[in-house]
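The chain contents come next:
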Amino acid sequence: MEHQLRRVERTLVYKGSVLDIYQDTMVLPGGKTEKWDFVSHRKGGACIVPVLPDGRILMIHQYRPAIDRETLELPAGARNSVDEDTAVTAARELEEETGYRAGRLTRLLQLKTAVAYCNEFTDVYLAEELERIGGQQLDEAEEIRVEAFSLQDLLGRIYAGQIQDSKTAAGILAYAAKK
């Protein structure tokens, strides 16, 4: 299908360490021109659904300055480079944020987090056969507390609006559908 909406120009407005922000000149179907924002996420990342042998899921509590509150999320993080396999990212982030290693890592799905204005992707992995390998190895800016929850508790928190992080909600729902 040919679309009448089209981009005729993309101008870099800001170049960051992970994100680049562009202004796109768009021609609308009626011929009118508008300026739209576009965010390019250069790295992408991975999110992990770590399931303990008893069926509970490891979650992290973390303060997020963008929304000025603590969130309950699945462990996740950005790739170290654009060439890094997201399975490597997932394994590393699980160990760093929780102190656990997965005996088995299976990709559940790939997300595009905000397709209206951003190209960021996140691969979501199921981590099973978890083994405690020690403490967390957090980055200097991270304050993360780990807690295990039942799947039913987490589903209830999603539907109650208490879990709003898209990768976390999608990962938990994908795992629930797989069970």
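Everything below is about the structure shown above.
None of the values given here were measured: they were computed from a predicted structure.

1. Observations regarding a nonpolar patch on the surface
Taken together, the side chains of Val13, Tyr14 and Ile21 make up a nonpolar region of the molecular surface, amounting to roughly 290 Å² of accessible area. Tracing the backbone shows Val13 in strand β1 (residues 6–15). The exposed category is assigned to Val13, whose relative accessible area is 57%.

2. Notes on the sheet that holds strand β2 (residues 19–27)
The strand order across the open sheet built from three strands is β1-β2-β3, with neighbouring strands paired in antiparallel fashion. Each end of this open sheet is capped by a strand with a single partner; those strands are β1 and β3 (33–41). Ignoring strand direction, the axes of neighbouring strands in this sheet form an average angle of 25°. Across eight bridges, β1 lies against β2 in antiparallel orientation. Paired with Thr11 across the strands is Gln23, a residue of β2.

3. Observations regarding the packing of helix α2 (residues 151–159) against helix α3 (residues 166–178)
Contact pair α2 / α3: the axes reach a minimum separation of 10 Å and the direction vectors enclose 130°. Considered as vectors, α2 and α3 are oriented oblique to each other. The hand of the α2/α3 crossing is left-handed. On the side of α2, the interface is formed by Leu151, Leu154, Leu155, Ile158 and Tyr159, while α3 contributes Ala169, Ile172, Leu173, Tyr175 and Ala176. Grouping the constituent residues of the contact of α2 with α3 by class yields 10 nonpolar, no polar and no charged.

Cut-offs applied
- Residues numbered from 1 in each chain as written.
- Predicted model: local features only at pLDDT ≥ 70, side-chain atom pairs only at ≥ 80, totals over all residues.
- Heavy atoms only, no water.
- Patch = residues over 30% accessible without salt bridge, like charges linked within 9 Å, V, L, I, M, F, W, Y side chains within 5 Å.
- Areas by Shrake-Rupley, 256 points an atom, 1.4 Å probe, with all protein chains shown as cover.
- Salt bridge = Lys/Arg side-chain N within 4 Å of Asp/Glu carboxyl O.
- Helix = DSSP H or I, 4+ residues; strand = E, 2+ residues; numbered from the N terminus.
- Buried < 20%, exposed > 50% of the residue type's maximum accessible area, 1.4 Å probe, protein only.
- Pairing = 2+ DSSP bridges.
- Axes fitted to C-alpha atoms, helices over the stretch in contact; angles between N-to-C directions.
- Parallel < 35°, antiparallel > 145°, perpendicular 65-115°, else oblique.
- Left-handed = near helix turned anticlockwise from the far one by under 90°.
- Contact = heavy atoms within 4.5 Å.
- Nonpolar A, V, L, I, M, F, W, Y, C, P; charged D, E, K, R; others polar.

All we've got here are geometric facts, nothing functional implied.
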